[in-house]
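Commentary on secondary and tertiary structure
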Amino acid sequence: MEHVMVVPFWTRRRLLRGALTPAQALTCGACATALLLWARLLFTETSIPIVLSGVVIAPLAVAAFVDSVCHLLPDPLLLLASLAAVPPLLFLAASGEWRVVTLACLTSMLALGVGLALSSSFSFGRGDAKLLAVLGVWLGNPVDLLAAVIIALVGASSYAALLLLLRRATRTTALALGPWLVSGAAVFWVVGA
C-alpha cells in the first residue's frame, strides 16, 4: 500500500505552495484590491455592493500568482474568494434583490458544471473549474462570465502565440489558465459591468 501524505487545509504550504511568503501574499491581495476598486471608480459609479465585491480579487490575485508559478490553484484561496463574494450577495438580498442573488448562484453552479465537464474532456484543470464557479458568483450572470472567459482566452492564446513566435514554448508547453481567467474577470468587472 502506498503512503500518501495529507497536507492540512489551512496551512501556508497548502495556501501559497512556496510561490509567495505570507507578507508577499497579503501585499499582492491588498494591491490588487486597491487597484481594482480605483479602476472601477474611474469607469462607473460605486455602491456598497460594488465595494464589497471588489474584495473578491484579493484571494483571486494570490491564487492566480500561485497558479502561474506552480500550475495549481489552491483550494483554500478559492474558498476564501467564494466567501468574499457572500457579503455583497447578502447586502443585495437584504435590499430585496433576490433575482440578482439567485442568478449569481445559478451562474456559479452552471460554471462549475461546465468546468468539470471540460476538465474530463480537455486539458482544463479541476482548479480552473472551481475558479469558474467563483468567477460566476462574483460576476453574477452567465453573459458576464462568458465575456470574461472570452477576454481570458484571447489574452492566453495571444500570449501563447507570442511564446511560440519567440521560440520560448512549443505546442505542448503547459500554460496556466488561472491568471488569464482572473485577469479577464477583473477587466470585465471594471469596464464591462
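Right above here is the structure, for reference.
Residues numbered from 1 in each chain as written. Predicted model: local features only at pLDDT ≥ 70, side-chain atom pairs only at ≥ 80, totals over all residues. Heavy atoms only, no water.

1. Focus on the overall build of the protein chain
Note the threshold: Only DSSP runs of H or I covering at least 4 residues are called helices, and only runs of E covering at least 2 are called strands; the numbering of each starts at the N terminus. For the radius of gyration, the atom set is restricted to C-alpha positions; the globular benchmark scales as 2.2 Å times the number of residues to the power 0.38. Think of it in three bands: residues with accessible area under 20% of the maximum for their type are buried, residues over 50% are exposed, and the middle band is partly exposed, with areas taken using a 1.4 Å probe on protein chains only. For this analysis, residues touch if any pair of their heavy atoms sits within 4.5 Å. Reported accessibility uses the Shrake-Rupley method at a 1.4 Å probe radius. Residues are deemed covered only where the shown protein chains occlude them. In this tally Asp and Glu are treated as negative and Lys and Arg as positive; neither His nor the chain ends contributes. For the purpose of locating charges, the reference atoms are NZ of Lys, CZ of Arg, CG of Asp and CD of Glu.
The secondary structure content of the protein chain amounts to 10 helices and zero strands. Along its sequence from the N terminus, the protein chain presents helices and strands in the succession α-α-α-α-α-α-α-α-α-α. In terms of overall dimensions, the protein chain is globule-like: its C-alpha atoms have a radius of gyration of 17 Å, near the 16 Å expected for 193 residues. In terms of overall dimensions, the protein chain has C-alpha extents of about 50 × 45 × 35 Å along its principal axes. Residues counted as buried form 43% of the 193 residues belonging to the protein chain. For the protein chain, the proportion of contacts with a sequence separation of at least 24, taken over those separated by at least 6, is 70%. When the accessible surface of the protein chain is summed, it comes to about 11,000 Å², and 70% of that surface belongs to carbon and sulfur atoms. Of the side-chain charges in the protein chain, 11 are positive and 7 negative, and the distance between the mean point of each set is 11 Å.

2. Observations regarding helix α2 (residues 22-43)
We count it as follows: What a helix is expected to span follows from its residue count: subtract one and scale by 1.5 Å. Think of the arc as the fan of directions from the helix axis to the C-beta atoms.
If you check α2, its first and last C-alpha atoms are 32 Å apart, about what 22 residues at 1.5 Å a residue would give, namely 32 Å. Of all the positions in α2, only A25, G29, A32, T33, L36, A39 and R40 are classed as buried. Buried residues of α2, viewed axially, fall in a sector of 140°; they line one side. Facing away from the buried side of α2, by more than 90 degrees, are the exposed residues A23, L26, L35, W38, L41 and L42.

3. What to know about helix α4 (residues 57-70)
The end-to-end C-alpha distance of α4 is 19 Å, a good match for the 20 Å that 14 residues give at a rise of 1.5 Å each. Extensive coverage of α4 is indicated by the burial of 10 of its 14 residues. Looking only at α4, the buried set comprises I57, A58, P59, L60, A61, V62, A63, A64, V66 and D67. Among the residues trailing α4, H71 stands out with phi positive, at a value near 55°.

4. Overview of the nonpolar core
Quick note on the threshold: Each nonpolar core is a collection of buried residues, namely Ala, Val, Leu, Ile, Met, Phe, Trp, Tyr and Cys, held together in the definition by side-chain atoms within 4.5 Å.
If you look at the biggest cluster of nonpolar residues, it comprises 51 residues, and the most contacted ones within it are I57, L60, L131, L135, W138, L139 and L181. Element by element, the count of residues in this core is highest for helix α8 (residues 126-139), at eight residues. Those residues in contact with L135, other than ones at most four positions away along the chain, are L60, G140, L145, L181 and A185.

5. As for a nonpolar patch on the surface
Quick reminder of the rule: Patch membership requires over 30% relative accessible area and the absence of a salt bridge. Like charges are linked within 9 Å, and nonpolar side chains (Val, Leu, Ile, Met, Phe, Trp, Tyr) within 5 Å. Here, a salt bridge means any side-chain nitrogen of Lys or Arg that lies within 4 Å of a carboxyl oxygen of Asp or Glu.
A grouping of L35, W38, L42, F43, I151, V187 and V191 is seen on the molecular surface, where their side chains present a nonpolar patch of about 720 Å² in accessible area. Tracing the backbone shows W38 in helix α2. With a relative accessible area of 52%, W38 lands in the exposed category.

6. Here we look at the packing of helix α6 (residues 86-94) against helix α7 (residues 98-121)
Counted only if it meets this: Structural elements are reduced to axes, namely lines fitted to C-alpha atoms, with helices fitted over the stretch in contact, and the angle between N-to-C directions of any two is expressed from 0 to 180 degrees. Just so you know the grouping, Ala, Val, Leu, Ile, Met, Phe, Trp, Tyr, Cys and Pro go in nonpolar, Asp, Glu, Lys and Arg go in charged, and all remaining residues, Gly too, go in polar.
The interhelical angle for the contact between α6 and α7, taken along N-to-C directions, is 145°, at an axis separation of 7 Å. In contact with L89, L92 and A93 of α6, α7 contributes W98, V100, V101 and A104. Residues belonging to the contact of α6 with α7 are distributed by class as follows: seven nonpolar, no polar and no charged.

7. Side note on the packing of helix α5 (residues 75-84) against α8
Under the convention used in this document: Should an angle fall under 35 degrees it is called roughly parallel, over 145 degrees roughly antiparallel, and 65 to 115 degrees roughly perpendicular, with every other angle called oblique.
With their axes 9 Å apart at the nearest point, α5 and α8 run at an angle of 10° to one another. Of the possible angle classes, the one that applies to α5 and α8 is roughly parallel. Every residue of α8 that contacts α5 at D75, L78, A81 and S82 is listed here: G127, K130, L131 and V134. For the contact of α5 with α8, the per-class residue count stands at four nonpolar, two polar and two charged.

8. Brief notes about the environment of V51
With respect to the helices, strands and loops of the structure, V51 is situated in helix α3 (residues 48-54). Overall, the relative accessible area of 39% leaves V51 in the partly exposed class. Here the alpha-carbon distance between V51 and P88, two residues 37 residues apart in the chain, equals 8.4 Å. Residues in contact with V51, not counting those within four places in the same chain, are L37 and T46.

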